[in-house]
Amino acid sequence: MKKVLFIFFGFLVFSSIVVSKQTDTDMFVQKYLLPTVMIKSVSENSSGSGVIVFSEKFKNKDDFFNIVYSCSHILKEKDQLINVSNYDSNGIFISYDTYKSIIFSKNDEHDVSILFFLSDKKMAVANIDYNYTPKIKDEVFCIGHGLGDTARLSTGLITGATRKGNSIEEIRTSVPIVFGDSGGPLFHKDKIIGISHAIKNAQSGQGTNLPVYNISIFKSLKTCNKFAIDCYLLKDENKLIKLAKEMSMSGSDVHDLKIKINELVKDIDRCIDLLNE
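Asker: Explain the overall build of the chain to me, please; I cannot follow it from the model alone.
Answerer: Per the secondary structure count, the chain includes five helices and twelve strands. Here the chain holds 277 residues, and the buried ones make up 43% of them. Considering only contacts in the chain between residues 6 or more positions apart, those separated by 24 or more positions represent 60%. Counting every atom, the chain has about 15500 Å² of accessible surface; 55% of that belongs to carbon and sulfur.

Right, dumping it as structure tokens:
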């Protein structure tokens, strides 16, 4: 009887360890791997990385609006392809889902960019730590699609930082990165603290990272998201103008025409308000 109980409890312990490891893998895939995407030029043979930071449904739309942070130097064309990876239960790559994206904002001076794309499902999103202060020897890790390959994990420590005035301009780490990792997220614990930016030491592959909390284009996340969505909706609803012209040509009810034009004017006013912010 004791032997049976010992075997039973041993099985329970083993099962709990297996479940725990599987849960950890699932969490890692959801929080870190899935939000990290590959960004490719449509016609040129070049690629980089990015990270999804926002994924919400349009109002009155079926599509999800997704926002990606990346670097500007990897963007060779106006339109880019976003490759979102699919993984198995062990976190091993299976396939890509490819979406066409549009560059919403690009700042070459700071080497940052924001892209957006539409999808028929909600995307996994990475969280950002806007209050982080770099500390020597803090453990960090980077995920990127280096050399146009599937996402890979690289770990290291913060080794220093460079300042411009009173603010930190770059975070230096011992994390090895390669060409194509640019634009990928740098994590401390479970949140993004930087975006992979450049290889500082070609031999070791040690890189520098742009601190997301110190870049105005990233700090105004909520406004950017709201503005980007409204701008896209405005572009989409420009079809109302064409519809209005068709209605006027066909002699349809003038009242309906006024309603649709008023809807468009309200959207324009909303975008102007966001620009003023």
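Asker: Sorry, what's going on with the sheet that holds strand S3 (residues 64-70) here?
Answerer: One key point about sheets: their strands pair by backbone hydrogen bonds, in either a parallel or an antiparallel sense. Sheet architecture is closed into a barrel: six strands sit in the order S1-S2-S3-S6-S5-S4, paired in antiparallel fashion. The mean inter-strand angle of the sheet, taken between neighbouring strand axes irrespective of direction, is 40 degrees. The pairing of S3 with strand S6 (residues 112-119) spans seven bridges and is classified as antiparallel. For Ile 67, the partnering residue across the bridge sits in S6 and is Phe 116.

Asker: What is the right way to read the pairing of strand S4 (residues 79-87) from this model?
Answerer: Two faces make up the sheet, and in a regular strand the side chains alternate between them. Note that strand S1 (residues 36-41) and S4 share four bridges and pair antiparallel. Within S4, the position partnered with Ser 41 by the bridge is Gln 80. The pairing of S4 with strand S5 (residues 93-107) spans nine bridges and is antiparallel. Bridge pairing links Leu 81 to Lys 100 in S5. Remark: five residues form the turn of the hairpin made by S4 and S5, two consecutive strands paired antiparallel; Gly 91 in that turn has positive phi of roughly 80 degrees.

Asker: For this particular structure, what's the right way to read the pattern of salt bridges?
Answerer: Pairing between side chains becomes possible if they bear opposite charge and their charged atoms approach one another. Counting across every chain of the model gives five salt bridges. Residues Asp 108 and Lys 106 are paired through a salt bridge, measuring 2.9 Å at the closest nitrogen-oxygen approach. The partly exposed category is assigned to Lys 106, whose relative accessible area is 39%. With a shortest N-O distance of 2.9 Å, Asp 181 and Arg 152 are connected by a salt bridge. Pair noted here: Asp 181 is in the loop between strand S9 (167-176) and strand S10 (185-188) and Arg 152 is in strand S8 (residues 152-164), with a separation of 29 residues, a long-range link. On the basis of relative accessible area, Arg 152 is assigned to the partly exposed category, the value being 29%.

Asker: Is there a simple way to explain the side chain of Asp 111 in this structure?
Answerer: You can see Asp 111 is positioned in the loop between S5 and S6. Of the buried charged residues, Asp 111 lacks a salt bridge, with Lys 106 as the closest side chain of opposite charge at 7.6 Å. In terms of polar contacts, Asp 111 uses its side chain to reach the side chain of His 73, at 2.8 Å. Among the polar contacts listed, one links the side chain of Asp 111 to the side chain of His 197, at a separation of 2.9 Å.

Asker: How should I be thinking about the environment of Asp 26 in this particular structure?
Answerer: Its place among the elements puts Asp 26 in helix H1 (residues 2-33). Once the C-alpha coordinates of Asp 26 and Ser 89 are considered, the two residues, 63 residues apart in sequence, prove to be 6.7 Å apart.

Asker: How should I be thinking about the confidence of the model for the chain in this particular structure?
Answerer: Predicted coordinates in regions of low pLDDT should not be interpreted in detail. Confidence in the prediction of the chain, expressed as mean pLDDT, is 75, and 63% of residues score 70 or more. Segment residues 2-22 is flagged for pLDDT under 50; beyond a separation of four residues in sequence, or across chains, it makes two contacts in the model.

Asker: Could you clarify how one ought to interpret the nonpolar core in this entry?
Answerer: Buried together is how nonpolar side chains tend to be arranged in soluble globular proteins. Of all hydrophobic cores here, the largest spans 25 residues; its most connected members are Val 51, Val 53, Ile 67, Tyr 69, Ile 143, Phe 187 and Ile 192. Contributing elements (two or more residues each) for this core: H1, strand S2 (47-57), S3, S6, strand S7 (139-144) and strand S11 (191-199). Among residues more than four places away in sequence, those in contact with Val 51 are Pro 35, Thr 36, Val 37, Ile 67, Val 68, Tyr 69, Ala 126, Gly 183, Pro 185, Ile 192 and Ile 195. Counting twelve residues, the second-largest nonpolar core is a separate cluster that includes Val 37, Ile 39, Leu 75 and Leu 115.

What counts as what
- Residues numbered from 1 in each chain as written.
- Predicted model: local features only at pLDDT ≥ 70, side-chain atom pairs only at ≥ 80, totals over all residues.
- Heavy atoms only, no water.
- Helix = DSSP H or I, 4+ residues; strand = E, 2+ residues; numbered from the N terminus.
- Buried < 20%, exposed > 50% of the residue type's maximum accessible area, 1.4 Å probe, protein only.
- Contact = heavy atoms within 4.5 Å.
- Areas by Shrake-Rupley, 256 points an atom, 1.4 Å probe, with all protein chains shown as cover.
- Pairing = 2+ DSSP bridges.
- Axes fitted to C-alpha atoms, helices over the stretch in contact; angles between N-to-C directions.
- Salt bridge = Lys/Arg side-chain N within 4 Å of Asp/Glu carboxyl O.
- Lys, Arg positive; Asp, Glu negative; His and termini not counted.
- Polar contact = N/O pair within 3.5 Å; in protein donor to acceptor, adjacent residues only side chain to side chain.
- pLDDT = per-residue confidence, 0-100.
- Core = buried A, V, L, I, M, F, W, Y, C linked by side-chain atoms within 4.5 Å.

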